[in-house]
Amino acid sequence: MILYHGSYIEIRKPDIFHSRKNLDFGCGFYVTPLYHQAEKWCEKFIRRGKEGIISCYLLDDNALKKCRILKFDSYSEEWLDCITKCRTGNDNMEYDIILGGVADDKIFNTCELYFKHYIDRNTALDRLRYEKPNYQVCFKNQEIIEQYLFFEGSEKL
């Protein structure tokens with residue numbers, strides 16, 4: 001599987017140690033199989049006057065067979081619970097890889113209203129039900145990255 005990471009630098013040796021804590025799926029190295037999603041991740045750096053660089057990786061298919069994986073196919077109740085825990089710093093999950101939707105600007109507005117108790121759980125889920133997830137993969141285990149994720153190259157936007 002080909003995966004992309006959007007940043008302001010090329011990342012030949014990805015690691016989880018430079019990750020911020022309160023992200024969608026907690027601390028980890030984030031990639032996506034969607035090139036346009038990696039472009040979106042680059043946009044914030046470009047707006048700040050930096051370069052946008054997309055690094056490309058090959059994921060060994062054996063990783064998906066040998067790792068502890070949590071997968072969300074939609075913006076579901078379970079996804080919302082996971083995002084809530086991780087975004088508030090309560091990530092205590094023991095998965096190697098988490099796959100699921102991105103809480104991008106449009107989605108995060110609903111999540112933020114829910115986090116602040118301006119809307120209830122059912123209202124948040126109703127708003128999310130019809131959204132098509134932009135997909136992300138979060139590597140939470142450095143050994144898995146080193147064993148199964150291989151740098152293929154990068155390009156400047």
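Note: the structure precedes this text.
Residues numbered from 1 in each chain as written. Predicted model: local features only at pLDDT ≥ 70, side-chain atom pairs only at ≥ 80, totals over all residues. Heavy atoms only, no water.

### A word on the sheet that holds strand β7 (residues 149-156)
Next up, step 1: Sheet architecture is open: three strands sit in the order β1-β3-β7, paired in antiparallel fashion. The open sheet has two free edges, formed respectively by β1 (2-7) and β7, since each of these has just one partner strand. For this sheet, the mean inter-axis angle between neighbouring strands, taken without regard to orientation, is 25°.
Next up, step 2: Relative to β7, strand β3 (residues 53-59) runs antiparallel, the two sharing seven bridges. (Pairing = 2+ DSSP bridges. Helix = DSSP H or I, 4+ residues; strand = E, 2+ residues; numbered from the N terminus. Axes fitted to C-alpha atoms, helices over the stretch in contact; angles between N-to-C directions.)

### A few points about the nonpolar core
Next up, step 1: One finds Phe25, Phe72, Trp79, Leu80 and Ile107 to be the most contacted residues of the largest nonpolar core, which totals 24 residues.
Next up, step 2: Of all elements in the fold, only α3 (77-87), α4 (105-115) and α5 (121-128) reach the threshold of two or more residues within this core.
Next up, step 3: For this core, the element with the highest residue contribution is α3, accounting for five residues.
Next up, step 4: Residue contacts for isoleucine 107: discarding those within four places in its chain leaves Tyr75, Trp79, Val102, Leu128 and Glu131. (Core = buried A, V, L, I, M, F, W, Y, C linked by side-chain atoms within 4.5 Å. Buried < 20%, exposed > 50% of the residue type's maximum accessible area, 1.4 Å probe, protein only. Contact = heavy atoms within 4.5 Å.)

### Focus: the packing of α3 against α5
Next up, step 1: At a closest axis distance of 10 Å, the pairing of α3 and α5 adopts a crossing angle of 110°. By the angle class used here, α3 and α5 are roughly perpendicular. As α3 runs across α5, the sense of the crossing is right-handed. Touching Glu77, Trp79, Leu80 and Asp81 of α3 are Arg121, Ala124, Leu125 and Leu128, all from α5.
Next up, step 2: Broken down by class, the residue content of the contact of α3 with α5 amounts to five nonpolar, no polar and three charged. (Parallel < 35°, antiparallel > 145°, perpendicular 65-115°, else oblique. Left-handed = near helix turned anticlockwise from the far one by under 90°. Nonpolar A, V, L, I, M, F, W, Y, C, P; charged D, E, K, R; others polar.)

### A closer look at the pairing of strand β6 (residues 135-139)
Next up, step 1: The buried fraction of β6 amounts to four of the five residues, a majority that puts the element mostly inside the structure.
Next up, step 2: Pairing of strand β5 (residues 97-101) with β6, which is carried by five bridges, proceeds in the antiparallel orientation. Residue pairing for β6: glycine 100 is matched across the bridge by glutamine 136.

### What about the side chain of glutamine 136?
Next up, step 1: Among the structural elements, glutamine 136 can be located in strand β6.
Next up, step 2: On the accessibility criterion, glutamine 136 (3% relative accessible area) is buried.
Next up, step 3: Within the local environment of glutamine 136, its side chain forms a polar contact with the backbone oxygen of glycine 101, the two atoms lying 3.1 Å apart. (Polar contact = N/O pair within 3.5 Å; in protein donor to acceptor, adjacent residues only side chain to side chain.)

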